[in-house]
Amino acid sequence: MPPQKPARQEPGVLWPLLLSAAVVLVIAVGVAVRLVGGEESGTGAADGSAPSAASGNAEGLKELGESLARRDADDPTALGDPDAPVVLIAYSDFQCPFCAAWVQETQPELVERYVEEGDLRIEWREFPYKGETSRIMAVGARAAAEQDAFWEYHEAVYAAQDELEGTAPEDIGGELTAVAADLGLDSGRFAEDLEREDLAAEVEEDFAEGRGVGVTGTPAFLVDGNPVMGAQPLEVFTDTIDRALDDARSEEG
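Thoughts on the sheet that holds strand β6 (residues 86-92)
Here comes step 1: Pairing is mixed in the open sheet, where five strands are placed in the order β5-β7-β6-β8-β9. Only two strands of the sheet have a single partner each, and these edge strands are β5 (78-79) and β9 (226-229).
Here comes step 2: As judged from the seven bridges shared by β6 and strand β7 (residues 120-126), these two strands associate in the parallel manner. The partner of Ala 90 across the bridge, within β7, is Trp 124.

This is the structure in structure tokens:
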């Protein structure tokens, strides 16, 4: 097998050591799951999977994944069957170039191979750690969702990343409203929704959730609780999903 390409992730991203028994604490009765402990730099194992210390913590990671998966049939920021056996949670920032690469190159493959077959659900989380412009772009995604166009906005804004790069917070709203108009949305309603406090609170909820499990940069993924760090090659995602599917099917059997 040829060597894997290194993960593409924003420079300087650090994740806590999700995978050691000392840092994964599953709180009783499913009240909460919290990760604590040290940090490590880099992108994990050469194949993009979690370090081998995870082997003793599969149960804790599975519980983590189950605690975070929302499985809301009415969630406009999710793709796939709410009852799919595997849930991939993606934490992303609209200004992150590696997130854009994942959206354009990897996500469509996963949708075709797994989501359309009913095996995978993708749940999106906004993680606007790059600042106020990113936060407004994330709120824009929620504003687009109000018009049933979250995924159209998602695709369009990531595709326009080069054109939007460097846009100041005071100007990004106008740029995003133009994107919304190009998508055929009600641009006046979209512009008003950019100012809605409840949509901003939804973005903050996503951001807080990511910070709570140790995400400090993007893209970051949890596949049934198993972390995949960075825009890893497609094979890393398919291997991780296939293992999670095998586990889910063995539990059913």
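Quick look at the nonpolar core
Here comes step 1: Counting 51 residues, the largest nonpolar core has Leu 88, Trp 102, Leu 110, Leu 120, Trp 124, Tyr 153 and Leu 176 as the members making the most contacts within it.
Here comes step 2: Apart from the residues lying within four places of it in its own chain, the contact partners of Leu 176 are Ile 136, Met 137, Tyr 153, Val 157, Leu 164 and Phe 190.
Here comes step 3: Ranked by size, the runner-up nonpolar core spans 13 residues in total, among them Leu 64, Leu 68, Phe 207 and Val 213.

A few points about the pairing of β7
Here comes step 1: With respect to burial, β7 is a largely interior element, seven of its seven residues being buried.
Here comes step 2: Going residue by residue along β7, you find Leu 120, Ile 122, Trp 124 and Glu 126 tucked away on one face and Arg 121, Glu 123 and Arg 125 tucked away on the opposite face as well.
Here comes step 3: Sheet analysis places β5 next to β7, joined by two bridges and oriented antiparallel. Bridge pairing in β7 places Leu 79 opposite Ile 122.
Here comes step 4: In this view, the connection linking β6 to its parallel neighbour β7 by way of helix α2 (residues 97-115) has right-handed handedness.

What counts and what doesn't
Numbering of residues starts from 1 in each chain and follows the order in which that chain's sequence is written. Only residues with pLDDT of at least 70 get local features here, since the model is predicted, and only at 80 or more are side-chain atom pairs given and counted; chain-wide, interface and lining totals rely on the full set of residues. Only heavy atoms go into the side-chain values, all of them from the structure, while hydrogens and water stay out. Any two strands with at least two DSSP-identified bridges between them are counted as paired. Numbered from the N terminus, helices here are DSSP runs of H or I no shorter than four residues, and strands are runs of E no shorter than two. To define a nonpolar core, start from buried Ala, Val, Leu, Ile, Met, Phe, Trp, Tyr and Cys residues and group those joined through side-chain atoms within 4.5 Å. Exposure classes here rest on a 1.4 Å probe applied to the protein chains alone. A residue is buried below 20% of its type maximum, exposed above 50%, and partly exposed in between. Contact definition: two residues touch when any of their heavy atoms are within 4.5 Å. A right-handed crossover is one whose linking path, passing over the helix from the first strand to the second, runs clockwise when the strands point away from the viewer.

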